[in-house]
Amino acid sequence: MDKRTRVLNAMNGKPVDHVPVGFWFHFAGDEAVGDGCVAAHLKYYRDTDLDFVKIMCDSYFPYPMKEIHSVEDFRGWKPLAADDPWIVGQVERAKKIVAEIGGERCVFYNVFAPFSSIRFGAAEVGVSDEQIMAYIREDEAAVMEALDVIGETNALLSKLLITEAGCDGVYYCVQGGELDRFTPAEYRRIIRPSDLYVLEHANRYSKNNILHMCGWAGARNQLELWQDYPAKVFNWAVFVEGLDLNDGRFFANGKTTLGGFETHWDGKIQQGVIYHGTKEELQEYTRNLILDHGKLGLMLGGDCTIDAKLDWERIRWVVEAARSL
């Protein structure tokens, strides 16, 4: 079974010869921009022999925005056009990677939900996460107006990544569900509409989209906020959330689950067997994930991104173990 068939079967709950494996990390410096980024992705995925590609949006995290001095500055925004450099650069990156490797592997591109985009963009113009939350408390309608505009832009980006660049789908990252940020009612009223606008738009062009419920910085989320989101595959921070792959497939209503490997950094050391286990321990852990869950509806990967400094040989150990079953 070739890698594309393996991954598409896994995503759609069909039999596979081996459980597919995918890990990704953030590129920096010259490897985060232009052709250097394309070459870095291709080298990593070819050297590790991973089953699918997740293209990082490094250097495009901040959403382009003007300075913000009051909550009124969130009003009157316009969606970015298809020829905006922020969109063109990402589509061109994806197109080049798909052209080189898409025939042999599925390729997904990292797209953030609008709330993340607005936080990254605001940080770029000197507005902190705390200030964003204060603006929401002051006038949630104004911030929601900006979220809607970003939603239109990210929806267009998702469409072009699939229809022009040739990606098989998007890896859609939702954030903001931490236990102490919003009540469930607040999240569903303020954030959910723009979340779903982008994801449902992506689903118009590909049914094979992945939902990443991000446990960034080790903060637990109210996962139930995203439980009914219409994605083909669910990925979450197994160790941060305390929800393992076996229980997670029931949480995800039988949809395919992606993950199983702890990748969290606690500020001092990296956590998890992927970093600290011997070859024997890492491969035994990999095989046990598969044996405990079964091969249907499973894709192995990390809670989130791995450390860019991780020895790629450790990734190959996981691939080798997964293909032994």
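Anything mentioned here points back to the structure above.
Residues numbered from 1 in each chain as written. Predicted model: local features only at pLDDT ≥ 70, side-chain atom pairs only at ≥ 80, totals over all residues. Heavy atoms only, no water.

Participant: Outline the overall build of the protein chain, supporting the account with residue identities and numerical values.
Facilitator: Counting secondary structure elements, the protein chain contains 13 helices and seven strands. Here the protein chain has a C-alpha radius of gyration of 19 Å; the compact-globule value for 325 residues is 20 Å, and the two agree. Judged by the C-alpha coordinates and their principal axes, the protein chain covers about 60 × 40 × 40 Å. Among the 325 residues that make up the protein chain, the fraction classed as buried is 56%. Only carbon and sulfur atoms are counted for the fraction: they give 51% of the accessible area of the protein chain, which is about 13000 Å². The averaged location of the 49 negative side-chain charges in the protein chain is 5 Å from the averaged location of its 35 positive side-chain charges. (Helix = DSSP H or I, 4+ residues; strand = E, 2+ residues; numbered from the N terminus. Rg over C-alpha atoms; globule rule 2.2 N^0.38 Å. Buried < 20%, exposed > 50% of the residue type's maximum accessible area, 1.4 Å probe, protein only. Areas by Shrake-Rupley, 256 points an atom, 1.4 Å probe, with all protein chains shown as cover. Lys, Arg positive; Asp, Glu negative; His and termini not counted. Charge placed at Lys NZ, Arg CZ, Asp CG, Glu CD.)

Participant: So, the nonpolar core: which residues are in play, and what are the values?
Facilitator: Judged by nonpolar contacts, the single largest core of 110 residues is most densely connected at Phe-23, Phe-74, Ile-118 and Leu-211. A per-element tally of this core places helix H6 (residues 140-163) first, with 10 residues. In contact with Phe-23, not counting residues within four places along its chain, are Tyr-44, Tyr-45, Leu-50, Phe-261, Ile-274, Gly-301, Gly-302, Ile-306, Ile-315 and Val-318. (Core = buried A, V, L, I, M, F, W, Y, C linked by side-chain atoms within 4.5 Å. Contact = heavy atoms within 4.5 Å.)

Participant: Report on the pairing of strand E2 (residues 106-112), specifying residues and quantitative values.
Facilitator: Within E2, seven of the seven residues are buried, leaving the element largely enclosed by the surrounding structure. Across the two faces of E2 the burial is the same, with Cys-106, Phe-108, Asn-110 and Phe-112 and Val-107, Tyr-109 and Val-111 all buried. Pairing between strand E1 (residues 52-55) and E2: four bridges, direction parallel. Counterpart to Lys-54 in the pairing with E2 is Phe-108. Assessed by its sense of winding, the connection that carries the chain from E1 through helix H3 (residues 85-101) to E2 is right-handed. Of the pairings in the sheet, the one linking E2 to strand E3 (residues 169-174) comprises five bridges and is parallel in character. (Pairing = 2+ DSSP bridges. Right-handed = clockwise from strand over helix to strand, strands pointing away.)

Participant: Could you give me a rundown of the packing of aromatic side chains, with the residues and numbers involved?
Facilitator: One pass over the structure, following the stated rule, counts 19 aromatic pairs. Judged by centre distance (4.5 Å) and plane angle (45 degrees), the ring pair of Phe-25 and Phe-27 falls under tilted. Taken as a pair, Phe-25 and Phe-27 share a single burial class, namely buried. Between the aromatic rings of Tyr-187 and Trp-226, the centroid separation amounts to 6.1 Å while the plane-to-plane angle is 75 degrees, which identifies the pairing as edge-to-face. Note that Tyr-187 is positioned in helix H7 (residues 184-190) and Trp-226 in the loop between strand E4 (210-213) and strand E5 (233-236), a separation of 39 residues in sequence. We classify Trp-226 as buried; its relative accessible area is 0%. (Phe/Tyr/Trp six-rings, centres within 6.5 Å; stacked < 30°, edge-to-face > 60°.)

Participant: Any details on the sheet that holds strand E7 (residues 298-302)? Residues and values, ideally.
Facilitator: In spatial order, the strands read E1-E2-E3-E4-E5-E6-E7; together these seven strands make up an open sheet with parallel pairing. Sheet topology places E1 and E7 at the edges, where each strand pairs with a single neighbour. Across the sheet, the axes of successive neighbouring strands diverge by a mean angle of 25 degrees, strand direction being ignored. As defined by bridge partners, strand E6 (residues 256-261) adjoins E7 across five bridges and the pair is classed as parallel. (Axes fitted to C-alpha atoms, helices over the stretch in contact; angles between N-to-C directions.)

Participant: A description of the pattern of salt bridges should follow, citing residues and the corresponding values.
Facilitator: Counted under the stated rule, the structure contains 21 salt bridges. Residue Arg-6 pairs with Asp-51 through a salt bridge whose shortest N-O separation is 2.6 Å. Note that Arg-6 is positioned in helix H1 (residues 3-11) and Asp-51 in the loop between helix H2 (34-48) and E1, a separation of 45 residues in sequence. Both residues of the pair, Arg-6 and Asp-51, count as buried. Put simply, Arg-75 and Glu-72 hold a salt bridge, and the shortest N to O gap is 3.5 Å. Given a relative accessible area of 32%, Arg-75 falls into the partly exposed group. Assessed through its relative accessible area of 45%, Glu-72 is described here as partly exposed. (Salt bridge = Lys/Arg side-chain N within 4 Å of Asp/Glu carboxyl O.)

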